[in-house]
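As a plain string of letters, each chain reads:
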Amino acid sequence: MLIQFANLRDLEGAAEAIERLGVPLADIVMYTPRQMIEQIDKEMAAASGFAAIGQEINLSKAHRAAAEMGRHWLLVAAPGQEQAQQIADTAHAWRAERGQYYGRFIIEELIEHPDDLPQVAESPDRGLDSQSPSGTEEERMVRHETAHARR
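On a predicted model such as this, the values are computed, not experimentally measured, just so you know.

### As for the confidence of the model for the chain
For the chain, per-residue confidence averages 81 on the pLDDT scale, and residues scoring 70 or more make up 71% of the total. No element of the chain has a lower mean pLDDT than helix H5 (residues 137-150), at 57, and none a higher one than helix H1 (residues 8-20), at 98. Here residues 122-127 scores under 50 on pLDDT; set against residues more than four positions off or in separate chains, the count is 14 contacts.

As structure tokens, then:
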């Protein structure tokens, strides 16, 4: 799973809570915004033409945009859907913005927010459906920051 947070404090709290679920510390990796940008740039340079068929390229672009806005990530090994959902629920309690489970054939968003719009369509040409009025990840992140500030 790849889980996105607005700040380091929430990421660290979530990492501790996920470890308490029984996930070994060796299966939890933290990425700073700079580390994520470096990782994405390296992967994009090595991506094959097949990566453009699915949403991997669009996800990488969205993750890079989030990293440029200062977002942090946890990469957590989740061997099955049930454990992935438990990890996502725990991360959501720590204000995770996104929680993507990389299954065998599909990448599934496991963290939903009340202000998310219904997913309409996404494709290699259209890009990732960020579920925001403008269709941008930046707007989605700002909306979630504003919603969390009100709580």
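### Regarding unusual backbone geometry
The phi dihedral of arginine 95 is positive, around 65 degrees, even though this residue is not glycine. You can see arginine 95 is positioned in the loop between helix H4 (81-93) and strand S4 (98-102).

### Structural notes on helix H3 (residues 56-68)
An α-helical turn contains 3.6 residues, so a residue and the one three or four places further along point in the same direction. End to end, H3 covers 18 Å across 13 residues, agreeing with the expected 18 Å (1.5 Å per residue, within 8%). Along H3, the positions that sit buried rather than exposed are Ile57, Asn58, Leu59, Ser60, Ala62, His63, Ala65, Ala66 and Ala67. In the stretch just after H3, glycine 70 is the one whose phi turns positive, near 90 degrees.

### Regarding the sheet that holds strand S2 (residues 28-31)
Paired through their backbone hydrogen bonds, the strands of a sheet run either parallel or antiparallel. Ordered in space as S2-S3-S1-S4-S5, the five strands form an open sheet in which the pairing is antiparallel. The sheet is open, and its two edges are formed by S2 and strand S5 (107-109), each paired on a single side. Between one strand axis and the next, the sheet turns through 20 degrees on average, direction left out of account. In the sheet, S2 pairs with strand S3 (residues 72-76) via four bridges, with the strands oriented antiparallel. Bridging across to S3, valine 29 finds its partner in leucine 75. Lying on the sheet, helix H2 (residues 33-46) is in contact with strand S1 (2-5), S2 and S3; it crosses S2 at an angle near 95 degrees. Against the sheet, H4 makes contact with S1, S3, S4 and S5, and its axis sits at roughly 5 degrees relative to S1, the strand it touches most.

### Quick notes on the packing of H2 against H3
A pair of packed helices is characterised by two quantities: the angle between their axes and the separation of those axes. Contact geometry for H2 and H3: axes closest at 9 Å, N-to-C directions at 150 degrees. On the basis of the axis angle, H2 is roughly antiparallel to H3. The interaxial crossing formed by H2 with H3 has left-handed handedness. Here Pro33, Met36, Ile37, Ile40, Asp41 and Met44 of H2 lie close against H3, whose contacting residues are Ile57, Ser60, Lys61, His63, Arg64, Ala67 and Glu68.

### Considering the environment of methionine 30
By the element assignment, methionine 30 lies in strand S2. Sequence-wise, methionine 30 and leucine 75 are 45 residues apart; in three dimensions their C-alpha atoms are separated by 6.4 Å. Setting aside anything within four residues of it in sequence, one finds methionine 30 in contact with Leu11, Ala15, Gln35, Trp73 and Leu74.

### Concerning H2
Given a rise of 1.5 Å per residue, 14 residues ought to cover 20 Å, and the 20 Å separating the end C-alpha atoms of H2 matches this to within 8%. Looking only at H2, the buried set comprises Pro33, Met36, Ile37 and Ile40. Along the axis of H2, the buried positions cluster into a sector of 100 degrees, meaning they face one direction only. Summarising the geometry of H2, the exposed residues directed more than 90 degrees from the buried face are Arg34, Lys42, Ala45 and Ala46. Buried residues along H2 sit in contact with S1, S2, H3 and S3.

Reading guide: rules and limits
Residues numbered from 1 in each chain as written. Predicted model: local features only at pLDDT ≥ 70, side-chain atom pairs only at ≥ 80, totals over all residues. Heavy atoms only, no water. pLDDT = per-residue confidence, 0-100. Helix = DSSP H or I, 4+ residues; strand = E, 2+ residues; numbered from the N terminus. Contact = heavy atoms within 4.5 Å. Expected span 1.5 Å × (residues − 1). Buried < 20%, exposed > 50% of the residue type's maximum accessible area, 1.4 Å probe, protein only. Pairing = 2+ DSSP bridges. Axes fitted to C-alpha atoms, helices over the stretch in contact; angles between N-to-C directions. Parallel < 35°, antiparallel > 145°, perpendicular 65-115°, else oblique. Left-handed = near helix turned anticlockwise from the far one by under 90°. Arc of directions from axis to C-beta.

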